[in-house]
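Structural overview for review
Single-letter residue listing:
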Amino acid sequence: MGATAKTKSIDFSYFGGAESLDEGRSPRRTEVVAPTTEDDGKSHRGPPQDPTQFLWLMTEEPHRTRRMAIMKAHPEVTKLMGHEPLTKWVVLGVVSLQIITAILLRKYHPLSPIFLLCAYLIGGTANHNLFLAIHEITHNLAFKSVKANKALAIFANLPIGIPYSAAFKRYHIEHHKFLGEDGIDTDLPTHFELLCLNNVLGKVFFATFQILFYALRPGFVRTQTLTQWHIANLATEIVFDYFLINTFGVRPFIYLVMSSFFAGSLHPLAGHFIAEHYVWDGLNQETYSYYGPLNILAYNVGYHNEHHDFPSVAWTRLPALRALAPEFYDTLPSHPSWPMVIVNFIRDPEVGIFARIKRKPKSHADKVAEKD
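Cut-offs applied
Residues numbered from 1 in each chain as written. Predicted model: local features only at pLDDT ≥ 70, side-chain atom pairs only at ≥ 80, totals over all residues. Heavy atoms only, no water. Helix = DSSP H or I, 4+ residues; strand = E, 2+ residues; numbered from the N terminus. Rg over C-alpha atoms; globule rule 2.2 N^0.38 Å. Buried < 20%, exposed > 50% of the residue type's maximum accessible area, 1.4 Å probe, protein only. Contact = heavy atoms within 4.5 Å. Areas by Shrake-Rupley, 256 points an atom, 1.4 Å probe, with all protein chains shown as cover. Lys, Arg positive; Asp, Glu negative; His and termini not counted. Charge placed at Lys NZ, Arg CZ, Asp CG, Glu CD. Axes fitted to C-alpha atoms, helices over the stretch in contact; angles between N-to-C directions. Parallel < 35°, antiparallel > 145°, perpendicular 65-115°, else oblique. Left-handed = near helix turned anticlockwise from the far one by under 90°. Nonpolar A, V, L, I, M, F, W, Y, C, P; charged D, E, K, R; others polar. Patch = residues over 30% accessible without salt bridge, like charges linked within 9 Å, V, L, I, M, F, W, Y side chains within 5 Å. Salt bridge = Lys/Arg side-chain N within 4 Å of Asp/Glu carboxyl O. Polar contact = N/O pair within 3.5 Å; in protein donor to acceptor, adjacent residues only side chain to side chain.

**Remarks on the overall build of the protein**
Scanning the protein for helices and strands turns up 16 helices and four strands. Relative to a compact globule of 372 residues, whose C-alpha radius of gyration would be 21 Å, the protein shows 21 Å and is just as compact. Reported as C-alpha extents along the three principal axes, the dimensions of the protein are approximately 70 × 45 × 40 Å. Every one of the 372 residues in the protein was classed for burial, and the buried ones make up 51%. The contacts of the protein with a sequence gap of at least 6 include a subset with a gap of at least 24, amounting to 78%. As presented, the protein carries roughly 17,400 Å² of accessible surface, and 67% of it is formed by carbon and sulfur atoms. For the protein, the distance from the average position of its 35 positive side-chain charges to the average position of its 34 negative side-chain charges is 7 Å.

**Thoughts on the environment of L197**
Note that L197 resides in helix α7 (residues 191–197). For L197, a relative accessible area of 9% corresponds to the buried category. In this structure the C-alpha to C-alpha distance between L197 and K358, which are 161 residues apart in sequence, comes to 18 Å. Apart from the residues within four sequence positions on either side, L197 is in contact with G202, K203, F205, F206, F213 and I353.

**Structural notes on the packing of helix α3 (residues 86–104) against helix α5 (residues 146–157)**
Look at α3 against α5: their axes get within 9 Å of each other, and the N-to-C directions meet at 20 degrees. One element, α3, and the other, α5, form an angle in the roughly parallel class. Seen along the crossing, α3 lies across α5 with a hand that is left-handed. In this structure, α3 contributes K88, V91, L92 and V95 to the contact, and α5 contributes L152, F155 and A156. Tallied by class, the residues present in the contact of α3 with α5 amount to six nonpolar, no polar and one charged.

**Considerations on a nonpolar patch on the surface**
Together, L97, L117, L121 and I122 make up an exposed nonpolar region whose accessible area comes to about 350 Å². No other element matches helix α4 (residues 113–138), which puts three residues into the nonpolar patch. In this fold, L117 is placed in helix α4.

**With respect to the pattern of salt bridges**
Taken as a whole and judged by the stated rule, the model has 14 salt bridges. The partner of R29 in a salt bridge is D348, and the shortest N-O contact between them spans 2.9 Å. Here the residue R29 occupies a position in the loop between α1 (2–8) and β1 (55–56), and D348 occupies one in the loop between α16 (338–347) and β4 (357–358), the gap between them amounting to 319 residues.

**What to know about the side chain of R25**
If you trace the backbone, R25 turns up in the loop between α1 and β1. Separated by 3.0 Å, the side chain of R25 and the backbone oxygen of G46 make a polar contact. A distance of 2.7 Å separates the side chain of R25 from the side chain of E350, its partner in a polar contact. In contact with R25, not counting residues within four places along its chain, are H44, G46, P47, P48, D281, G282 and E350.

Spelled out as structure tokens, the structure:
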């Protein structure tokens, strides 16, 4: 009955003779764990987005409001907050795996099948895991000490081959504080990307070279002032890379950099880059979760609504957060598959570079500063 009322409230004179929001549409890509009268998880809730523009909204980002509502309904949620001691041991294990694998592959040509296969399957997965370890550590969730977290992030950065952990911290914290604000949230595609990549070939290029967009875009959108941690990150990585090349030759270094490229390219785990904040199915929903098995390799980053609502809840306790407040999370559309997110992003005309929510920046946003 709720769905019927919703349908009757839509003015179909805007839709050129279509009798439903599903007519002539791509299949729905997201699902709802607990369907409601407002969203059955099968039909589209809104018309397709204009592919020539981002979706500009005047509303506040949703996470602060939902966080307050959950804390009111479930005050015990605060017991889930705090650092996770397991993180440092996982980081140590994955860093060791990558260094050992890189050294073992030093006798193989970088274009040989075994080298490429290892770089994609082992290296791509391991380095993506380290990307997300740095993401977790950025929120100070490995140690109680801020400095200890920053030092661990630099250590986790070693097998990635290129220093980025110090810069990522500032950009990512701004992503949380100013989600969707144009010119501040560097996770957002630029207008130049919209103009150049808004077709199938452009989307293939974007999905293949995602890691380069995430690495280079922030420097064009919002530069940072160098701190002692940027310098420490840079110096540590240069010393590590030099030692690796000088001791074992250039091939281990090639393996690590190749692993980082694959980790942010057409890799199953890389689907989360697109899954998290791109708009799907005519929804005005800004953040999407994914609850599938790949979370095991990805610090549960698929629990992305949960993470944005409570950035102080460590990865091991995000499933518990969802279980604590199912009335808030199970009714939200989520993605059933990360790999299919990449496939559907490329082939579906209803989603693309344009499918991001943007807001005009607030006046105080340029005053953001992080305490070292």
